[in-house]
Amino acid sequence: EKKSIDEICKTLDRSAKVVSLLQKAGTIFLIRVADGSLGSGVCGTVNGANTIRIGCNMANVVFAKYVIIHELGHVLGNYNGTIYNSFITVYNQEGLMPTYPFADGGSSESFAEMIADYVISKSYNYPPRTWSNYPGGPWNFDPPVNGYKNFPNDRPVHYNFAKTDI
């Protein structure tokens, strides 16, 4: 899991503004708890401030980037209220990021998911990626909707907000 943390740090280094915004939280605590202890299917939580708890194996680097950067998105929102409050308009326009693996996460989950999607994409210099290859899983619509291609095309308001504000 240490290798995964090192790779997460390298990925975050490509996003100077995210790092700057996270610094407002001061020390961010990453606590490894027992697998499965956070609830069914839940791998990470944030305490409403700057403590992240991880309850899944983070040996897989791609999965670890997704989970931990998503949770860091919550921390960023907790300490950057103006940016988070500006995001509410984006959420009201496009709704929940469909890569979020649970049914209803509201604006805070969409915010964290947007940050994970955007920051992780920088490690690939943002060639469009299909959602089916996304570490959080394929798009999950009921019923399935065809024609989705990638983050900037499929959630342009979220993408542009991340590009300009995150």
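Residues numbered from 1 in each chain as written. Predicted model: local features only at pLDDT ≥ 70, side-chain atom pairs only at ≥ 80, totals over all residues. Heavy atoms only, no water.

### Considering helix H1 (residues 2-13)
Compared with the 16 Å implied by 1.5 Å per residue over twelve residues, the 17 Å span of H1 between its first and last C-alpha is a close match. Those residues of H1 that sit buried are Ser 4, Ile 8, Thr 11 and Leu 12. Down the axis, H1 shows its buried residues gathered within 95° of arc, on one side only. Residues of H1 that are exposed and point over 90 degrees away from its buried face: Lys 2, Lys 3 and Asp 13. (Helix = DSSP H or I, 4+ residues; strand = E, 2+ residues; numbered from the N terminus. Expected span 1.5 Å × (residues − 1). Buried < 20%, exposed > 50% of the residue type's maximum accessible area, 1.4 Å probe, protein only. Arc of directions from axis to C-beta.)

### Let's talk about the sheet that holds strand S3 (residues 51-54)
Here we have three strands laid out as an open sheet, ordered S1-S3-S2, and mixed in their pairing. Bordering the open sheet on either side are strand S1 (29-32) and strand S2 (44-46), each of which pairs with just one other strand. With direction set aside, neighbouring strand axes in the sheet form an average angle of 20°. Across the sheet, helix H3 (residues 61-79) lies against S1, S2 and S3, angled at about 10° from S2, the strand it touches most. (Pairing = 2+ DSSP bridges. Axes fitted to C-alpha atoms, helices over the stretch in contact; angles between N-to-C directions. Contact = heavy atoms within 4.5 Å.)

### Here's the deal with the state of the cysteines
Where two cysteines share a covalent bond between their sulfur atoms, that bond is called a disulfide. Per the stated rule, a full pass over the model turns up one disulfide. Note that Cys 43 is cross-linked by a disulfide to Cys 56, the S-S spacing being 2.0 Å. Taking the sign of the torsion about the S-S bond as the criterion, the disulfide between Cys 43 and Cys 56, at about -75°, is left-handed. Taken together, the residues span a long stretch of sequence, with Cys 43 in the loop between S1 and S2 and Cys 56 in the loop between S3 and H3 at a distance of 13 residues. Exposure remark for Cys 43: the relative accessible area of 13% places this residue in the buried category. Residue Cys 56 is classed as buried on the basis of its relative accessible area of 16%. (Disulfide = S-S within 2.5 Å.)

### Some remarks on the packing of H1 against H3
In the contact formed by H1 and H3, the axes pass within 9 Å of each other and the chain directions differ by 60°. Relative to H3, H1 is oriented oblique. Taken as a pair, H1 and H3 cross one another with a handedness that is right-handed. Across the interface between the two elements, Ser 4, Ile 5, Glu 7, Ile 8, Thr 11 and Leu 12 of H1 pack against Val 61, Ala 64, Lys 65, Ile 68, Ile 69 and Leu 72 of H3. A per-class count over the contact of H1 with H3 returns eight nonpolar, two polar and two charged. (Parallel < 35°, antiparallel > 145°, perpendicular 65-115°, else oblique. Left-handed = near helix turned anticlockwise from the far one by under 90°. Nonpolar A, V, L, I, M, F, W, Y, C, P; charged D, E, K, R; others polar.)

### Overview of the pattern of salt bridges
The tally for this structure, following the rule as stated, stands at four salt bridges. The partner of Asp 6 in a salt bridge is Lys 2, with the nearest N and O atoms 3.4 Å apart. Here Asp 6 pairs with Lys 2, and both are found in helix H1, just four residues apart, close to one helical turn. Since its relative accessible area comes to 35%, Asp 6 is described here as partly exposed. (Salt bridge = Lys/Arg side-chain N within 4 Å of Asp/Glu carboxyl O.)

### A look at the packing of aromatic side chains
By the definition in use, this model includes five aromatic pairs. Their ring planes at 35° and their centres at 6.5 Å tell us that Tyr 84 and Phe 87 sit as a pair that is tilted. In this pair, Tyr 84 and Phe 87 are both assigned in helix H4 (residues 81-94), three residues apart and thus about one turn of the helix distant. The buried category is assigned to Phe 87, whose relative accessible area is 0%. (Phe/Tyr/Trp six-rings, centres within 6.5 Å; stacked < 30°, edge-to-face > 60°.)

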